[in-house]
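Residue-level structural notes
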Amino acid sequence: MARIHHTAKSTLALRRRKRFLLSQLKIFPDSLRASLVERFSRCGKGNCRCHHGGDKHGPFYYLTQCLAVGRVNKFLLKAATQQQAARQGIDHYRQLQEQLEELSQINAELLRREEALGND
Ligand SMILES: [Zn+2]
């Protein structure tokens, strides 16, 4: 769910906030809409400790991406550098998404006040 932004401000303050948001918008080249999931699992060897009360193997890090209802793109990130790249890309995507969400909420409020949405 989207974070609710404070839009009970003067129209001038909203416009100022909107200008600031637009000036801050930046699309990072590594932007990634996904989740990083940590898993511990049992291996295929029946005599391994993981099948006899011992610790499971891991952590393993999977990148998961919901593409549509019931369609998920999921794969293992083996290297620590991949995992770090994923974390950063996910963070950049989330940041952009939050900025766009706030911009959208301000625009909805401006529209409700019968204000113009374009540049001014
Ligand atoms: Zn095992």
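Use the structure listed above.
Described in the following lines is the structure provided in the data block. Computed from a prediction, not measured in an experiment: that's the story for all the values here. (Residues numbered from 1 in each chain as written. Predicted model: local features only at pLDDT ≥ 70, side-chain atom pairs only at ≥ 80, totals over all residues. Heavy atoms only, no water.)

Focus on the overall build of the chain
Where we set the bar: Only DSSP runs of H or I with at least four residues qualify as helices, and only runs of E with at least two residues qualify as strands; both kinds are numbered from the N terminus onward. Only protein chains enter the accessibility calculation, which uses a 1.4 Å probe; a residue whose area is less than 20% of its type maximum is buried, one above 50% is exposed, and one in between is partly exposed. Any pair of residues with heavy atoms lying within 4.5 Å of one another is described as a contacting pair. Using a 1.4 Å probe, the Shrake-Rupley method yields the accessible areas, and only the shown protein chains count as cover for residues.
Scanning the chain from N- to C-terminus turns up two helices and three strands. Going from the N terminus to the C terminus, the chain shows its helices and strands as α-β-β-β-α. Taking the principal axes of its C-alpha atoms as reference, the chain extends roughly 70 × 25 × 25 Å. By residue count, 24% of the 120 residues in the chain fall in the buried class. Residue pairs in contact within the chain that sit at least 24 positions apart in sequence constitute 58% of those at least 6 positions apart. Surface exposure of the chain reaches about 8,700 Å², of which carbon and sulfur atoms provide 53%.

A closer look at the coordination of the zinc ion
Note the threshold: Note on donors: an N, O or S atom is included if it sits within 2.8 Å of the metal, or within 3.2 Å for Na, K and Ca, and water is never included, so sites can look incomplete. A site with four donors is called tetrahedral when every donor-metal-donor angle falls between 85 and 135 degrees; four donors are called square planar, and six octahedral, when opposite donors sit more than 155 degrees apart and all other angles fall between 65 and 115; any other arrangement is irregular.
Only Cys-43 (SG), Cys-48 (SG), Cys-50 (SG) and His-57 (NE2) from the protein coordinate the zinc ion, and they sit 2.0 to 2.3 Å from it. Around the zinc ion sit four donor atoms, and with donor-metal-donor angles ranging over 106 to 115° the site reads as tetrahedral. Between consecutive donors of the zinc ion, the numbers of intervening residues give the motif C-x4-C-x1-C-x6-H. For Cys-48, a relative accessible area of 14% gives the class buried.

Observations concerning the sheet that holds strand β2 (residues 57-68)
Strands belonging to one sheet form pairs held by backbone hydrogen bonds; the direction of such a pair is parallel or antiparallel. We count it as follows: When DSSP finds at least two bridges between two strands, those strands are taken to pair. Helix axes use the C-alpha atoms of the stretch in contact, all axes being lines fitted to C-alpha atoms, and the angles between their N-to-C directions lie in the range 0 to 180 degrees.
Taken in spatial order, the three strands make up an open sheet running β1-β2-β3, and their pairing is antiparallel. The two strands at the open ends of the sheet, each matched to only one other strand, are β1 (35-41) and β3 (71-77). Neighbour to neighbour, the strand axes of the sheet diverge by 35° on average, direction disregarded. Sheet analysis places β1 next to β2, joined by six bridges and oriented antiparallel. Bridging from a neighbouring strand, Glu-38 pairs with Tyr-61 of β2. Those strands touched by helix α2 (residues 80-112) are β1, β2 and β3, and its axis lies near 140° from that of β1.

Looking at the side chain of Thr-7
Here Thr-7 lies in the segment before α1 (11-24). Residue classification places Thr-7 among the buried positions, given a relative accessible area of 18%. Among all residues touching Thr-7, those that are not within four sequence positions of it are Leu-14, Gln-105, Ile-106, Glu-109 and Arg-113.

Examining the pattern of salt bridges
Applicable threshold: Each reported salt bridge corresponds to a side-chain nitrogen of Lys or Arg within 4 Å of a carboxyl oxygen of Asp or Glu.
Inspection of the entire model under this criterion finds four salt bridges. Across the pair Glu-109 and Arg-112 runs a salt bridge, and its minimum N-O distance is 2.8 Å. Separated by three residues within a single helix, Glu-109 and Arg-112 lie in helix α2, roughly one turn from each other. By sharing partners, the salt bridges in this structure join Glu-109, Arg-112 and Arg-113 into a single network.

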